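# Residue-level structural notes
Spelled out, the chains give:
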Amino acid sequence: MRMVNFGEKLASFFIIIGVILWVISIFFLGGRWQPQVLSAAILVVAIFIAHIWEELFQQKK
Amino acid sequence: MARERISQAEEWQAWAQRYDMEGGIRTFESGLTLKVFLGALFVGLLMMPGSIYLQLVSGQTGAGAAPWVAVILFTELARRSFTTARRQELFLLLGLTGAAVGSGLQYRGFIWYAYFVQTPQAESYEIADKIPFWVTPSPDSIAIAERSLLHMDWWTPIWIFLVMRLLGTIRHISAGYFLFRLTADLERLPYPLAPIEAQGATALAETTGRAETWRWRVFSIGSMAGLLWGFLYIGIPSLTGVMMSEPIEILKIPFIDFTPSIEGFAPTGVFALSTDFGQILFGFVLPFPIVMTEFIAAMFTQFFLNPQLYQHEILYQWRAGLDVRGVGLFNGLDFWISANMGKAFSFAIVGLAASVPMLMKFRSARQETTGTRGSLQTPPGRGDFPLWLMAGLWLIGMIGFVWMVHWMVPNFPMKFLLGFAFIYTPLNSYVTARTFGVLGRDLFEIPYIHETTFILSRYEEIDIWFVELPNEDYGRGTQGWRVCELTGTTFTSNIAAHLLIMPILLISGILVWHFIWKIAPIPSAQYPFAQTWWPIYATNECLWKTSLRDGSSQMLQAIRGDYVATGLTGSLAIYGLLWLAKMPSMWFYGIVGGIGADPGMMIPRLIGAIIGRFYMIKRFGLKRWFMFNPVLAAGFTCGVGLIGMGTVAIALVSKAVIVKPF
């Protein structure tokens, strides 16, 4: 049960961090590609966690 | 109350079931019979010359309507012979006819380069003497002077073409099947436009049986609507164009441009209303959330985002008074070509993220029941193949292809060929397969990829422009496998039919081009379209092939890393936020597909989606409507195609008539 919630929370956390970093990179860092790619990498990790959690750990109703 | 999370698995499964005719219950039969084979031969030997000739005379091939004409002829023959035609047979006939009509045009390259090598343009751009021997014989060859494709000088170009074609068939069949198993069987993507093709064959097959069902009625309604619309939209302009200097257009084709009208409050925004209201029928078929979110995202882009980008001088080339083409070109060069590339990569990442966990469950997936997401079990009797066999065949086909290309251009760096073959092609194909599975269209395209490669490789010989590089896309072929499945045709019979007809078409194609070339030089007054356009094409080809001589290209300079990153990260952020908000993942494809697009082009499909969602479903019920609408759309396509073919034929006859001055 703990694992079930942990996966979703971890993915959500990474998504929020990735989106905030991307917004910062656009509005405060001049939209340079380096910080954008960093936030993209965080988002990719988040999306993979989200899908792995959905397929392998989410409790089926 | 918290929104309940619906996993992507449940979401796709539900949509796939909606688009699965007969609820996924079907038996599979072979569609390959002697009748079908003879019918296809008839088409190959009769329609192919017609389509080649039409292409040279009028620029149109009639390829859209030809398969329907063949199938209608076939069913009428069946009815008059008191026999029946099965939908599997008609499906194969549709496919074979399309292949026959299309295959004739593949040889155009031989005649084109035989002409190109002699043009003053090729001479003045210093290309003529650098065209490789495996493309065309030299300009002073007897084969060109006598206009003969059956001369020994053509031996090398023709055998290279045939080997390439054979390897290409192996690759396209194996890779297309492999991707189909991943996207349709494992992921259960719905393929919303596949039922249209499938239902056309099914409805026509029923006409030959004793009991006609609702399908034939609905198909007829669609055909009549298509005939009517085709006459208004295509027929009247084409026929009046034959008789008058200016054709009469009841609705302006292809769009009415409102871009200059919105520039006051939305500079750099585009809005061109598509007048192809036949798209309403496709709006009926496509998933409502995708059509809706796509439109909203496009409106947001053109009326809010683009003006903001203009204010911040990211879109900087725009000026007042431009039409949709001008604004679109400048917006693309300034920002959207790069951003769209980033968007396309996000589709690949999201697709991989959805697939990898399923592959992690691969062992258990093999035990899942057929037809559920995550299962690789195949329905009994479908005629499936082991995945390892298909992967192996693709590998053999691709290695052979790369070796051939290396033999043709031995000094071009091998790493680029290998990168195209084994990194870009699988990635590109997988993304396209997914976008076809969800949206019914392609979204992944990297512009000017060849030019970029040539610059990066520092290769300066002109021969590289004449070779076919191993960057391929098998994704759109996956829809064909889905249609095959929906019609209940065994995969083995589909492959066998195409392989059987291939040698006949290859030989007849060469013979037909030979005889058409013998009639008169191409281009010449006998072939007005070629006479008008081929010199312009020759100039364009010279410009492209010499565009990198000075090491610069405006198009390549338009691709900027910052904007590619914006497209990629923005799309991933949208996906992440939708996942957080527990919204359907279909919204992602709609929103990201719509960003940067012209909302005016989506209006007919939006009208269809709204009518379908808020009237038709209430009127007929969800299940019946989802059964009706692909049949209706198939009938409509058939009707429009028939009108197109009829008007081309009339235009052709009128051009063939020579008015004597006495």
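So, here is what we can say about the structure in this document. Because the structure is predicted, anything quoted here is derived from the model rather than measured.

## Notes on the packing of helix α8 (residues 155-186) of chain B against helix α19 (residues 477-486) of chain B
Residues and elements named next belong to chain B. Interhelical geometry of α8 versus α19 gives an angle of 70° and a closest axis separation of 8 Å. With respect to their mutual orientation, α8 and α19 come out roughly perpendicular. When you trace α8 past α19, the crossing you get is right-handed. Side by side, α8 and α19 meet where Ile173, Gly176, Tyr177, Leu179, Phe180 and Asp185 of the first sit next to Thr478, Trp481, Arg482 and Glu485 of the second.

## Thoughts on the environment of B:Ile262
Positionally, B:Ile262 belongs in helix α11 (residues 259-262). Considered as a pair, B:Ile262 and B:Gln302 are 40 residues apart in the sequence and their alpha carbons are 9.7 Å apart.

## Points about the interface of chain A and chain B
Taken residue by residue, the interface counts 28 residues in chain A and 30 residues in chain B. Carbon and sulfur atoms supply 72% of the area that chain A and chain B bury against each other, a total of about 2500 Å² over both sides. Three residues stand out in chain A for area buried against chain B, namely A:Ile47, A:His51 and A:Glu55, and they jointly supply 24% of the buried area on that side. Summed over the shared surface of chain A and chain B, the number is zero salt bridges. The set of elements that each furnish at least two residues to the side of chain A that touches chain B consists of α1 (2-27) and α2 (33-57) of chain A. In terms of residue count, the dominant contributor to the side of chain A that touches chain B is α2(A) (16 residues). In terms of residue class, the side of chain A that touches chain B is built from 17 nonpolar, six polar and five charged.

## What to know about the nonpolar core
Residue and element names in this part refer to chain B. Counting 190 residues, the largest nonpolar core has Leu56, Phe116, Ile464, Phe466, Ile522 and Tyr589 as its most contacted members. At 13 residues, α8 tops the list of elements feeding residues into this core. Once residues within four sequence positions are removed from consideration, leucine 56 is found in contact with Trp513, Ile516, Ile522, Tyr527, Pro528, Phe529, Ala530 and Trp534. One finds Phe255, Ala272, Trp318 and Val327 within the second-largest nonpolar core, a separate group that totals eight residues.

## Observations concerning the packing of aromatic side chains
Residue and element names in this part refer to chain B. The final tally for this structure, using the stated rule, is 44 aromatic pairs over all chains. Pairing phenylalanine 412 with tyrosine 459 gives two aromatic rings, centres 5.3 Å apart and planes at 90°, and the pair type is edge-to-face. One end of the pair, phenylalanine 412, is in the loop between α16 (387-408) and α17 (414-438); the other, tyrosine 459, is in the loop between α18 (449-457) and α19, and 47 residues separate them in sequence. Assessed through its relative accessible area of 11%, tyrosine 459 is described here as buried. On the numbers, 5.9 Å between centres and 85° between planes, the contact of phenylalanine 420 with tyrosine 424 is edge-to-face. Within this pair, phenylalanine 420 and its partner tyrosine 424 are both found in helix α17, separated by four residues, close to a single helical turn. Judged by relative accessible area, which is 5%, phenylalanine 420 ranks as buried. The class of tyrosine 424 is buried, set by a relative accessible area of 13%. Counting every residue linked through ring pairs, the aromatic cluster contains Trp112, Tyr113, Tyr115, Phe116, Phe466 and Trp534.

## Notes on the packing of α2(A) against helix α23 (residues 561-580) of chain B
In contact at an axis separation of 9 Å, α2(A) and α23(B) are set at 30° when each is read in the N-to-C sense. Taken as axis vectors, α2(A) and α23(B) run roughly parallel relative to one another. α23(B) is crossed by α2(A), and the crossing has left-handed handedness. Residue-level inspection shows A:Trp33, A:Gln36, A:Val37, A:Ser39, A:Ala40, A:Leu43, A:Val44, A:Ile47, A:Ala50, A:His51, A:Trp53 and A:Glu54 of α2(A) in contact with α23(B), the latter providing B:Gly561, B:Asp562, B:Ala565, B:Thr566, B:Leu568, B:Thr569, B:Leu572, B:Ala573, B:Tyr575 and B:Trp579. Of the residues contributing to the contact of α2(A) with α23(B), the split by class is 14 nonpolar, six polar and two charged.

## So, the environment of B:Ile248
Residue and element names in this part refer to chain B. Structurally, isoleucine 248 is set in the loop between α10 (214-243) and β1 (255-257). Note on isoleucine 248: relative accessible area 41%, which makes it partly exposed. Sequence separation between isoleucine 248 and serine 238 is 10 residues; the distance between their C-alpha atoms is 8.4 Å.

## Looking at the pattern of salt bridges
Residues and elements named next belong to chain B. Counted by the stated rule, this structure contains 12 salt bridges over all chains. Across the salt bridge formed by arginine 181 and aspartate 185, the nearest N and O atoms sit 2.8 Å from each other. Within this pair, arginine 181 and its partner aspartate 185 are both found in helix α8, separated by four residues, close to a single helical turn. For the pair arginine 181 and aspartate 185, a shared accessibility class is recorded, and that class is buried. Arginine 325 is the partner of aspartate 323 in a salt bridge, and the nearest nitrogen-oxygen pair spans 2.8 Å. On the basis of relative accessibility, which here comes to 25%, the residue aspartate 323 falls in the partly exposed class.

## Side note on α23(B)
Residues and elements named next belong to chain B. For α23, with 20 residues, the first-to-last C-alpha span of 28 Å sits near the 28 Å given by 1.5 Å per residue. Buried residues dominate α23, accounting for 16 of its 20 residues. Directly after α23, the chain includes lysine 582, whose backbone phi takes a positive value near 60°.

Cut-offs and rules
- Residues numbered from 1 in each chain as written.
- Chains lettered and ligands numbered in written order.
- Predicted model: local features only at pLDDT ≥ 70, side-chain atom pairs only at ≥ 80, totals over all residues.
- Heavy atoms only, no water.
- Axes fitted to C-alpha atoms, helices over the stretch in contact; angles between N-to-C directions.
- Helix = DSSP H or I, 4+ residues; strand = E, 2+ residues; numbered from the N terminus.
- Parallel < 35°, antiparallel > 145°, perpendicular 65-115°, else oblique.
- Left-handed = near helix turned anticlockwise from the far one by under 90°.
- Contact = heavy atoms within 4.5 Å.
- Buried area = accessible area lost by both parts, 1.4 Å probe.
- Salt bridge = Lys/Arg side-chain N within 4 Å of Asp/Glu carboxyl O.
- Nonpolar A, V, L, I, M, F, W, Y, C, P; charged D, E, K, R; others polar.
- Core = buried A, V, L, I, M, F, W, Y, C linked by side-chain atoms within 4.5 Å.
- Buried < 20%, exposed > 50% of the residue type's maximum accessible area, 1.4 Å probe, protein only.
- Phe/Tyr/Trp six-rings, centres within 6.5 Å; stacked < 30°, edge-to-face > 60°.
- Expected span 1.5 Å × (residues − 1).

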